[in-house]
Amino acid sequence: MTLKLPSLLRYLTLLVVYIFVVCATARAQGNADLSQYKLGSGDVVKITVFGQKDLSVQTRLSNIGAINYPFLGDINLVGLTVNEVENRIDDGLRGDYLVNPSVSVTVLEYRPFFIDGAVNRPGGYPYQPGLSVNKAAALAGGFTERASREKIIIVRKIIGVETTIEADASDVILPGDIVTVQERFF
């Protein structure tokens, strides 16, 4: 198979644009607020249907990200925002079960983030909104003596794809991120 020069240029242009979009999305998600946070396994959510105690539940998303919800059965919540979950449950209950349901979904506990490398106590820690790499390192006992604050890698799932981001110590991390603090040479 041989590609002609215009086809090759078009392919390379599309590849460069794709890489740019993925990198821009990764950076944007690092600085985004949690209103567009996508749920994942390990998150604890509270679903409240006002006036309907039997439809209000608090649960941790399973490894496959599904919950068993009254009247609706198993619902997969992985990759959905809180607003999307509210809409899905509202749509499922509306009509057959309730005339005008008022559904509220809250994330009570985010899945943990992980930090390793040149920190004193590497491991998994509970996520807290507004967490930066510096704050995550503080939770992990601080940077070691040889830690490089300029060589930090974050591995994050974006749209189901693991993406590696070169980060600074002030960059925001998200639930489920894996932060690696590398060592400096001197």
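Anything mentioned here points back to the structure above.
Scope of this entry: the structure provided in the associated data block. (Residues numbered from 1 in each chain as written. Predicted model: local features only at pLDDT ≥ 70, side-chain atom pairs only at ≥ 80, totals over all residues. Heavy atoms only, no water.)

**Focus on the overall build of the chain**
Where we set the bar: Segments assigned H or I by DSSP are reported as helices when at least four residues long, segments assigned E as strands when at least two residues long, and all are numbered from the N terminus. In this scheme, a residue with accessible area under 20% of its type's maximum is buried, one over 50% is exposed, and one in between is partly exposed, where area comes from a 1.4 Å probe on protein chains only. In what follows, residue pairs with any heavy atoms lying within 4.5 Å of each other are defined as contacts.
For the chain, the helix and strand inventory stands at three helices and ten strands. In sequence order, the chain lays out its α and β elements as α-β-β-β-β-α-β-β-β-α-β-β-β. Counting across all 186 residues of the chain, residues that qualify as buried make up 36%. Summarising the internal contacts of the chain: among those between residues at least 6 apart in sequence, 51% fall at separations of at least 24.

**What to know about helix α2 (residues 82–93)**
Counted only if it meets this: Every helix has an expected span of 1.5 Å times one less than the residues it contains. This arc corresponds to the set of directions leading from the helix axis out to the C-beta atoms.
When the terminal C-alpha atoms of α2 are compared, their 17 Å separation across twelve residues agrees well with the 16 Å that a helix rising 1.5 Å per residue should span. Buried within α2 we find Val82, Val85, Glu86, Ile89, Asp90 and Leu93. Looking straight down α2, one finds that the buried residues subtend no more than 130° of arc, so they occupy a single side. Of the residues trailing α2, Gly95 is marked for its positive phi of about 95°.

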